[in-house]
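# Remarks on the overall topology
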Amino acid sequence: MSRKPLASLQSNRSNTQRQQQQPVSLARRLLFPSLPNTDLPLLLASPVPPELTAELYDFIALALRAFVNPWWTKITRYDKEFLPDITRILTVVVRDLEERVLATDFTSVICRDIPVILTQHYTDYRNASSKIATAYAAGGALSIDQLFHQFQPHMALSPDGQIDRDYIRQILDHILKVCLPPEDFEPEAERLIVREILLKIVVKDVIPKIVQPWFIQKTILDLLGPQPGPAGGISISKSPPPSQSSQTFSFHTILIVLLSAIQSISGACLALIHTYKHAVNTIKLVNQSPSKSFHPSPSLKTAQASSPILTEAISPSVSRTPSESSSTSSLPKAPLSPSDFPAPPSISTNRRERLHEYYAHGPILMISEIFSMRDRYASSVIITTISMLASFFTPFLDRLLPYILDSILSPALLLNIVRIGKRTLFPNGYPAPPPVDPTPEEQAEIYAKLIAWRGRGVLSHLIPILLGSDSSVTLKSAIDPLTSTSCNVHLVMIILDRIIIALFPELGGAGPGESL
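My aim in this report is to walk through the structure given alongside it, one point at a time.

Criteria and thresholds
- Residues numbered from 1 in each chain as written.
- Predicted model: local features only at pLDDT ≥ 70, side-chain atom pairs only at ≥ 80, totals over all residues.
- Heavy atoms only, no water.
- Axes fitted to C-alpha atoms, helices over the stretch in contact; angles between N-to-C directions.
- Helix = DSSP H or I, 4+ residues; strand = E, 2+ residues; numbered from the N terminus.
- Parallel < 35°, antiparallel > 145°, perpendicular 65-115°, else oblique.
- Left-handed = near helix turned anticlockwise from the far one by under 90°.
- Contact = heavy atoms within 4.5 Å.
- Nonpolar A, V, L, I, M, F, W, Y, C, P; charged D, E, K, R; others polar.
- Salt bridge = Lys/Arg side-chain N within 4 Å of Asp/Glu carboxyl O.
- Buried < 20%, exposed > 50% of the residue type's maximum accessible area, 1.4 Å probe, protein only.
- Core = buried A, V, L, I, M, F, W, Y, C linked by side-chain atoms within 4.5 Å.
- Patch = residues over 30% accessible without salt bridge, like charges linked within 9 Å, V, L, I, M, F, W, Y side chains within 5 Å.
- Areas by Shrake-Rupley, 256 points an atom, 1.4 Å probe, with all protein chains shown as cover.

## Some thoughts on the packing of helix H6 (residues 106–130) against helix H17 (residues 361–370)
Following both chains from N to C, one finds H6 and H17 inclined at 20°, their axes separated by 8 Å at the closest point. With respect to H17, the axis of H6 lies roughly parallel. The handedness of the crossing between H6 and H17 comes out as left-handed. Together, Cys-111, Pro-115, Leu-118, Thr-119, Tyr-122, Thr-123 and Arg-126 of H6 and Gly-362, Pro-363, Leu-365, Met-366, Glu-369 and Ile-370 of H17 make up the contact between the two elements. Looking at the contact of H6 with H17 residue by residue, the classes come out as eight nonpolar, three polar and two charged.

Written out as structure tokens, the structure is:
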């Protein structure tokens, strides 16, 4: 009779020892110290893998320990409820943002609006470059940054690219008002602390970094991948002189060559079969996917006239002064953009769902403008053919591109982004030292590598056709509009305005839940 209680007591001790041996996560110790169970509460309302929830909480715990705990412990060392309370507020804000992200048509933003912004950026930069040392630049007194600012005036930017902090403060105030609970938004001290922290992150940490020309060029190089050789070509190693035995052909050598050729052909056929099956399956899934109703893109003039905050945010080329209009007319006409093909002004509601979004036209026109493909005969024929095919397959492409974006923007991508960000910002569990900017010599090397890029495989043979006989000149022309920090600030701010209007349409004049 005494053995059973003894056995149960031993089992309880073993379970207790196992629980004590299991390490308690940082998120559980800092954010949920009084939570009884071992499972962390859900952070996102959508069904996501448990690994993503754990990584998000771990990232929040690392950030709070690094940036909040140091100064809060100087105020009081005994309050253990401050970080959990911040986590509660962050949960409410994250879920509100998640709801807005799921309700936003990012396909229209990514495939149509952002390409138009980039196309306009290249057009205005090249127009400003053509006016240097002319009467339009006051006889050479105006720099290219000042000329570019005349083409894209922004209420939050000065001609030298300085950001007006009050502009960002007003946007952050609105975001906090719609995301924070009323009891957390009403205390002014709490709201100002949160707003100024976010303002510092946006204005001092993020934007000044990503607008640097070397940062953009290095990012492009990382996306393109390493080159096979130092100058973009394949390095050929000298082989030793063939021996006498290798020069003699035998039946065994012929058999090996024949079998290798058969194996290569069979491998290519299997790859084609796999590609065909995958393409057929993708086409079936795309055709079965529900079509989205037509949501017209925010009208540039309407957004500028109705937005109390984001004035002139979407398009910098809507309002022109008479001098600017006359100066622009003397230049070659810019290529057409998707905004040149608007929907008919009077369209009934029941017909709008049958209209097409023309998602593929924006990227095609953007690529044509970036690489100046209309200036060369071969590339002009290619881009015109692609445009005609895109127009012919518009209904299918309007289904395919949202399907691809939905598959790319998945919880797995968010999980990888969070893990990469955690390893970058907190490599050893604590903030990493700020990276040192490359020297001017290293920046020049990055620029030279990008200009000397020629691709690999089949692409290396297509580059001379697409970019012309001297590809370096075309690549230099494509990179130059991104070599001005002030102009890059204009580009980033306009893209940021567009994303904010997509998430918070009431800032652009529409009510919550309405599209502009």
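Having seen the model, we can carry on.
## Digging into the pattern of salt bridges
Going through the model one piece at a time under the given rule, you end up with 18 salt bridges. Among the ionic pairs, Glu-506 bridges to Arg-100, the shortest N-O distance being 3.5 Å. Of this pair, Glu-506 sits in the segment after helix H24 (485–503) while Arg-100 sits in helix H5 (residues 82–103), and the two are 406 residues apart along the sequence. The exposure class assigned to Glu-506 is buried, which follows from its relative accessible area of 17%. One salt bridge in this structure joins Lys-218 and Asp-222, with 3.4 Å as the shortest N-O distance. Pair noted here: Lys-218 and Asp-222 are both in helix H11 (residues 213–224), with a separation of four residues, about one helical turn. Relative accessible area serves as the criterion here: at 39%, Lys-218 is assigned to the partly exposed category. Taking relative accessible area as the criterion, Asp-222 reaches 52% and is therefore assigned exposed. It is possible to trace a salt-bridge network through shared partners that takes in Asp-166, Arg-169, Asp-173, Arg-195 and Glu-196.

## Topic: the nonpolar core
If you look at the biggest cluster of nonpolar residues, it comprises 24 residues, and the most contacted ones within it are Ile-163, Ile-168, Met-493 and Phe-504. Only H5, helix H8 (165–179), helix H10 (188–210) and H24 provide two or more residues apiece to this core. It is H8 that contributes the most residues to this core, seven residues altogether. The contact partners of Met-493, leaving out residues within four places of it in the chain, are His-154, Ala-156, Leu-157, Ile-163, Tyr-167, Ile-168 and Ile-207.

## Focus on the packing of H8 against H10
Running from amino to carboxyl end, H8 crosses H10 at an angle of 130°, the nearest separation of the two axes being 10 Å. Relative to H10, the element H8 lies oblique. As for the relative orientation of H8 and H10, their crossing is right-handed in sense. Contact residues: H8 offers Arg-165, Ile-168, Arg-169, Leu-172, Asp-173 and Leu-176, while H10 offers Arg-191, Val-194, Arg-195, Glu-196, Leu-198, Leu-199, Val-203 and Lys-204. Tallied by class, the residues present in the contact of H8 with H10 amount to seven nonpolar, no polar and seven charged.

## Examining a nonpolar patch on the surface
On the surface, a cluster of nonpolar side chains totalling about 480 Å² of accessible area is made up of Ile-110, Ile-404, Ile-408, Leu-409, Leu-413 and Ile-417. The set of elements that each furnish at least two residues to the nonpolar patch consists of helix H19 (394–408) and helix H20 (411–425). Note on Ile-110: relative accessible area 35%, which makes it partly exposed.

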